[in-house]
Amino acid sequence: MWVVMCPLLMQWQLFCCILLGHFSASTISFGAGKYEGGGIWSGNGLHGSGSVSSNHSRSGISSYVKTLKLSLPLNSSVSCEELEGVGSLNTTCSVNSNLYLNSDLYIYGTGNLEITPHVSIVCPIEGCMVTVNMTGNINIGQYAAIIAGSVVFAAANLTMDSHSSINTTALGGSPPPQTSGTPVGNDGGGGGHGGRGASCLKRNKTSNWGGDVYAWSTLAEPWSYGSKGGGTSSLNKFGGNGGGRVKLQVKDILYLNGSVTAEGGDGGLNGGGGSGGSIFMHAVKLKGYGTISAAGGRGWGGGGGGRISLDCYGIQEDVKVTVHGGLSIGCPGNAGAAGTFFNADLLSLRVSNDYVMTETETPLLDFPTMTLWSNVFVENYAKVLVPLVWSRVQVRGQISLYRGGCIVFGLSEFPVSEFELVAEELLMSDSVIKVFGAFRVAIKMLLMWNSKIVIDGGGNTVVSASVLEVRNLIVLRAGSVLGSNANLGLYGQGLLKLTGHGDTIRGQRLSLSLFYNITVGPGSLIQAPLDDDASRSVVTKSLCESQTCPIDLITPPDDCHVNYTLSFSLQICRVEDLLVNGIIKGSIIHIHRARTIIIDTDGLITASELGCNGGVGKGNYSKGAGSGAGHGGRGGSGCFNGIVSNGGNKYGNADLPCELGSGTQGPNQSYGNIIGGGMIVMGSIQWPLLRLNLYGSLMVDGQNFDKASVNSNASLIGGLGGGSGGTVLLFLQELMLAEKSSLSVRGGNGSPLGGGGGGGGRVHFHWYKIDTGDEYVPVASISGSINSSGGAGENGGLFGEEGTVTGKKCPKGLYGTFCKECPLGTFKDVDGSDESLCIPCSLDLLPNRANFIHVRGGVSQPSCPYKCISEKYRMPNCYTPLEELVYTFGGPWPFALILSVLLVLLALLLSTMKIKLVGSGKCYGASSVEHQSHHHFPHLLSLSEVRGTRAEESQSHVYRMYFMGPNTFREPWHLPYFLPNAIIEIVYEDAFNRFIDGINSVAAYDWWEGSVHSILSVLAYPCAWSWKQWRQRNKIHRLQEYVKSEYDHSCLRSCRSRALYKGMKV
């Protein structure tokens, strides 16, 4: 230790020592001898002392050291002069000398206080307190230091320049009474405070730790000393000291460019590290790039972190806050637990171990329920424990676990607790949540990245189901796992997405409900029960021992709850859309009240090898011969060394199957068990599935037996038969099996040494609504495969029988499993699915010139519809017009007789009226028609030649159009569709073409007119000629009437011509 003093003062002290001798120590209350014995600043008094001395050495400035003799009452303030400062505490006091104290210091003033650079105020006594209460500002200069057990500053503004420090490291006093922060024994455990101290006795799953935590109730404003670390022997009872306390209360701005520390002391190899102390800061704004630390001290077992609370409206991100546990020399991978960092303004708790590995927890006790915290962060390898039997963790915002953070709910020895977690969001990245007991979660969003939520119910049925209610969004990415070895329910109203490879949700029983969409990405997995046989047996035992169909699978309850009374192992309930690119796996998979299910190319829903290991149709075993199990088909018989074992029996109802596949069992456990297929039920009677699109696989196969059993002397003793296929029961409206897709309930293969194959399972399509008649649409589109075959048997073992593939009874007109229309030419007038019910239609009712036609929805009446082979034949008898006329009068002979009578009568009538008929044939109209018939294109000199045309009209005509054709019954008059250039400007082309269509239809003759003419031409030609003249005159008058009165002249552009009907004439 070096000291620079005034010469006179040194001489006076020397004189006193000579005269008074050893009495000086007892008469001077603050003398040199007491200073040395009471912990005066010295080289070995504080591990940070060297730094202070070195600072002075670097600066090259000599400082005055003053040993104060303060005989003031408690909380009495010293003056600026007593601090060897310049100025006044009520104006501005500048302290420019180092102060070495051996008792508490209290400074009060209404002005400002400045501690100049490189000045130190040191009280190296455990628990020593330095209090500075200024109305104005406090400034701590560069490399200045305040070192004590407790430091309290109060000011309007506080500025700490670079490299300045407030240091209470390893100077903590006694922790609160009745706390166990200091570990007991000689294990060298670390001290506890905000986090537990580490114990290097901790191995595997034991629950040893060093010092425990305390002062949870003062988390928002901590004011407790850290605890000492434990010793390693009776000679070294304690390790490093605990950290001290710091309280900075600033009205406005706290500029922190130095450091504020309350770290635990170093315990070295002979003791545990001390735990961090307490730091509390209050300010409107906290600015700077400094450091705040209440980390645990290093030792044989690292000390736990302390507690830090910042009550600041604004905090600059450059300020570094650390509360990590101290490193453990005796067990490097198990440092002390992290302390707590609480933002009292935001009501946010952060537990971070700054990437220091640890197995020691930071217990979080009761959370507030009146004024809820906003966020909780656990990060950077911090490990948090919620130890109470029943705990509710509730915050207003996020609970976030990042970068190796871990939260443990409950104790592994007592997995019977119930825990609640309530927040807006639960965000996890490279982190873990472990729960020993039941877990209830109510949040809006769960996002997991390479993280795990593991719930351990301890195999105790007393523990209730764990329920995660996530209202908006659940996303698992990068191999995240959410699992429980007990009942687990996930409820939501939004999206549940397993993104890709390794993402997993699993449970003993699992229920996913109320989501509008569930997406199972490539390589991801949803599974229940777990992989072990014990888990499978729990959910299948009751169904394996009974043939009764569980009512909850056919008419499930509406609440979608998960409990032990229901039959399913995996339930997906009240989900709008399910998209499967990964794997859904379970013993009894029940998907109901869903809208659409799409199993993509790489997708798989499977219950294969997850049924019964015995069961109603279990395979038999006799002296090495193992037969296959039965279900939809009988199991194949086994044969070994001449011994034959009969296959398992068929069981179940093909029209409404709901049974698990059976397995086979050997004489002892060394043979193992062969498991039958499970069961997949989609939809229900009341709530069928709207649509199932299968591009991948839907499998409920029995297990194969692919190894032979041997005796101890290595001789072969045969093997077991294959397991039977399970059940696929689909209540749905539409089904689509794409190309290369597969729906399989195949039986398993038997042993290579004569084992029988398992029987095929059962598939049933229970169509909800099958439209008939004109409303019929196919209910299924099948391009993939449906496999219900039995398993293979080898070396004398027989194949298992094929299972069943059935559908609901089809209505009339439809047949088969998928209710297709009966083949052409058949009808079905009863309900049923058998193809034989489609009966061929009677050919006696089919005309010779007709064929049966397809009818939408099939034919449900014996009279099958048909159609004539050509348009020239007329329904219903497919006759020509002449044949219809003939058969109208009873057939050819009656018609010939009647016609002969009529012709005779007509001949008599015409002979009496011959003159009149000939005369009428010479009228103008007739001669005009005859003139036109002799001249293909008549040429009029003027329009005045047209009968009925006035002179003024003949002078203003625009264009003449001539009828084409000879005006006969076979070739009637017609106008061409060609639009002359002369009238392009005065007509509308489209309307003109429609006018031509009308004219041509009027000019055409009916079929019967030509028929009459043909008959008269044969029997009485004069009558035929008169008939032709009469019909031609009638046609001319009809054309004139059509153009004059019926046609609206809409092809003319002139409005006046259209209105007056005077634009055209015939």
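Residues numbered from 1 in each chain as written. Predicted model: local features only at pLDDT ≥ 70, side-chain atom pairs only at ≥ 80, totals over all residues. Heavy atoms only, no water.

- Looking up the chain in an unreviewed UniProt entry gives the name ephrin type-b receptor, with the organism given as Salix viminalis.

## A few points about the packing of helix α13 (residues 1007-1019) against helix α14 (residues 1021-1046)
Angle between the axes and distance between the axes: these two values describe a pair of packed helices.
Piece 1. Axis separation between α13 and α14 bottoms out at 6 Å; the angle between their running directions is 155°. Of the possible angle classes, the one that applies to α13 and α14 is roughly antiparallel. Taking contact as the criterion, the partners of Trp 1008, Glu 1009, Val 1012, His 1013, Leu 1016, Ser 1017 and Leu 1019 in α13 are, on α14, Tyr 1021, Cys 1023, Ala 1024, Trp 1027, Lys 1028 and Arg 1031.
Piece 2. Residue composition of the contact of α13 with α14, grouped by class: 8 nonpolar, 2 polar and 3 charged. (Axes fitted to C-alpha atoms, helices over the stretch in contact; angles between N-to-C directions. Helix = DSSP H or I, 4+ residues; strand = E, 2+ residues; numbered from the N terminus. Parallel < 35°, antiparallel > 145°, perpendicular 65-115°, else oblique. Contact = heavy atoms within 4.5 Å. Nonpolar A, V, L, I, M, F, W, Y, C, P; charged D, E, K, R; others polar.)

## Considering the pattern of salt bridges
Piece 1. A full pass over the atoms with the stated rule returns 15 salt bridges.
Piece 2. Of the charged contacts, one joins Arg 196 and Asp 212 as a salt bridge, the two residues approaching to 3.1 Å between their closest N and O atoms. Placement of Arg 196 in the loop between β13 (165-167) and β14 (245-250) and of Asp 212 in the loop between β13 and β14 is noted, with a sequence separation of 16 residues between them.
Piece 3. The class for Asp 212 is buried, based on a relative accessible area of 18%.
Piece 4. We note a salt bridge from Arg 392 to Glu 420, for which the minimum N-O separation is 2.6 Å. One end of the pair, Arg 392, is in strand β26 (residues 390-394); the other, Glu 420, is in strand β29 (residues 417-422), and 28 residues separate them in sequence. (Salt bridge = Lys/Arg side-chain N within 4 Å of Asp/Glu carboxyl O. Buried < 20%, exposed > 50% of the residue type's maximum accessible area, 1.4 Å probe, protein only.)

## Quick word on the state of the cysteines
Piece 1. Throughout the structure, instances matching the rule amount to 9 disulfides.
Piece 2. At a sulfur-sulfur separation of 2.1 Å, the disulfide partner of Cys 80 is Cys 93. Looking along the S-S bond of the Cys 80-Cys 93 disulfide, the torsion reads about 85°, which is the right-handed sense. Note that Cys 80 is positioned in the loop between β1 (65-66) and β2 (85-87) and Cys 93 in strand β3 (residues 92-95), a separation of 13 residues in sequence. Both residues of the pair, Cys 80 and Cys 93, belong to the buried class.
Piece 3. The disulfide that involves Cys 544 links it to Cys 612, with 1.8 Å between the sulfurs. Between Cys 544 and Cys 612 the disulfide shows an S-S torsion of about -100°. By sign, it is left-handed. Note that Cys 544 is positioned in helix α5 (residues 533-544) and Cys 612 in the loop between β46 (604-606) and β47 (621-622), a separation of 68 residues in sequence. (Disulfide = S-S within 2.5 Å.)

## Details of the side chain of Ser 662
Piece 1. Mapped onto the elements of the fold, Ser 662 is located in the loop between β50 (643-645) and β51 (664-665).
Piece 2. A residue is classified by how much of its surface remains accessible, and Ser 662, at 0% relative accessible area, is buried.
Piece 3. Looking at Ser 662, its side chain comes within polar contact range of the main-chain nitrogen of Gly 617, at 3.0 Å. (Polar contact = N/O pair within 3.5 Å; in protein donor to acceptor, adjacent residues only side chain to side chain.)

## Points about α5
Piece 1. Here α5 spans only 14 Å end to end across 12 residues, well under the 16 Å set by a 1.5 Å rise per residue.
Piece 2. Buried residues of α5: Ser 535, Arg 536, Val 539, Thr 540, Leu 543 and Cys 544, and no others. The buried side chains of α5 occupy one side of the element, clustering within an arc of 140° when seen end-on. In α5, the exposed residues that point more than 90 degrees away from the buried face are Ala 534, Lys 541 and Ser 542. (Expected span 1.5 Å × (residues − 1). Arc of directions from axis to C-beta.)

## Observations concerning the packing of helix α12 (residues 989-1003) against α14
Piece 1. Closest axis-to-axis distance for the α12/α14 pair is 9 Å, and the angle between their directions is 150°. One finds that α12 runs roughly antiparallel with respect to α14. Handedness of the crossing formed by α12 with α14: right-handed. Contacts between α12 and α14 involve Phe 995, Gly 998, Ile 999, Val 1002 and Ala 1003 from the first element and Lys 1035, Arg 1038, Leu 1039, Tyr 1042 and Val 1043 from the second.
Piece 2. Here the contact of α12 with α14 is built from residues that sort into 7 nonpolar, 1 polar and 2 charged. (Left-handed = near helix turned anticlockwise from the far one by under 90°.)

## What to know about the environment of Ile 292
Piece 1. Structurally, the position occupied by Ile 292 is in strand β18 (residues 291-293).
Piece 2. Residue classification places Ile 292 among the buried residues on the basis of a relative accessible area of 0%.
Piece 3. Separated by 33 residues in the primary sequence, Ile 292 and Ser 259 have C-alpha atoms spaced 5.8 Å apart.
Piece 4. In contact with Ile 292, not counting residues within four places along its chain, are Leu 256, Val 260, Ile 279, Met 281, Leu 286, Ile 308, Leu 310, Val 319, Lys 320, Val 321 and Thr 322.

## With respect to the confidence of the model for the chain
Fine structural detail should not be taken from predicted coordinates in areas where pLDDT scores are low.
Piece 1. Per-residue confidence for the chain gives a mean pLDDT of 84; residues scoring 70 or more make up 86%.
Piece 2. The low-confidence segment residues 1-73, where pLDDT is below 50, has 68 contacts with residues more than four positions distant or belonging to other chains.
Piece 3. In the model, residues 917-944 has pLDDT below 50 throughout and makes 26 contacts with residues more than four positions away in sequence or in other chains. (pLDDT = per-residue confidence, 0-100.)

## Topic: a nonpolar patch on the surface
Piece 1. A cluster of nonpolar side chains, Leu 882, Leu 885, Phe 889, Leu 897, Ile 898, Val 901, Leu 902, Val 904, Leu 905 and Leu 908, forms an exposed patch at the surface whose accessible area comes to about 920 Å².
Piece 2. Of all the secondary-structure elements, those providing two or more residues to the nonpolar patch are α7 (881-888) and α8 (892-912).
Piece 3. Per-element accounting of the nonpolar patch gives the leading share, 7 residues, to α8.
Piece 4. Secondary-structure assignment places Leu 908 in helix α8. (Patch = residues over 30% accessible without salt bridge, like charges linked within 9 Å, V, L, I, M, F, W, Y side chains within 5 Å. Areas by Shrake-Rupley, 256 points an atom, 1.4 Å probe, with all protein chains shown as cover.)

## What to know about the packing of aromatic side chains
Piece 1. Tallied over the entire structure, the rule returns 17 aromatic pairs.
Piece 2. Judged by centre distance (5.2 Å) and plane angle (55°), the ring pair of Phe 342 and Trp 373 falls under tilted. With Phe 342 in strand β21 (residues 340-343) and Trp 373 in the loop between β23 (362-363) and β24 (375-379), the pair connects residues that are 31 residues apart, well separated along the chain. The same class applies to Phe 342 as to Trp 373, namely buried.
Piece 3. Ring centres of Phe 765 and Trp 767 lie 5.6 Å apart, and the angle between their planes is 5°; this geometry places the pair in the stacked category.
Piece 4. Residue class for Phe 765 comes out buried when judged on its relative accessible area of 0%.
Piece 5. Ring pairs connect the aromatic residues Trp 216, Phe 342, Phe 367 and Trp 373, which therefore count as one cluster.
Piece 6. For Lys 1035, the ring lying beneath its charged end belongs to Tyr 1005, and the centroid distance is 4.9 Å. (Phe/Tyr/Trp six-rings, centres within 6.5 Å; stacked < 30°, edge-to-face > 60°. Lys NZ or Arg CZ within 6 Å of the ring centre and 35° of its normal.)

## Considerations on the environment of Thr 110
Piece 1. If you trace the backbone, Thr 110 turns up in the loop between β5 (105-109) and β6 (112-115).
Piece 2. Beyond its immediate chain neighbours, meaning those up to four positions away, Thr 110 contacts Leu 89, Asn 90, Thr 135 and Gly 136.
Piece 3. Of the polar contacts made by the side chain of Thr 110, one reaches the side chain of Asn 90; its length is 3.1 Å.

## What about the pairing of β29?
Side-chain direction in a regular strand flips from residue to residue, so the side chains alternate between the two faces of the sheet.
Piece 1. Both β26 and β29 contribute to a ladder of 5 bridges, which runs parallel. Each residue of the ladder has a partner; that of Val 393, found in β29, is Leu 421.
Piece 2. As defined by bridge partners, β29 adjoins strand β31 (residues 432-449) across 6 bridges and the pair is classed as parallel. Bridge pairing in β31 links Ser 417 to Gly 437. (Pairing = 2+ DSSP bridges.)

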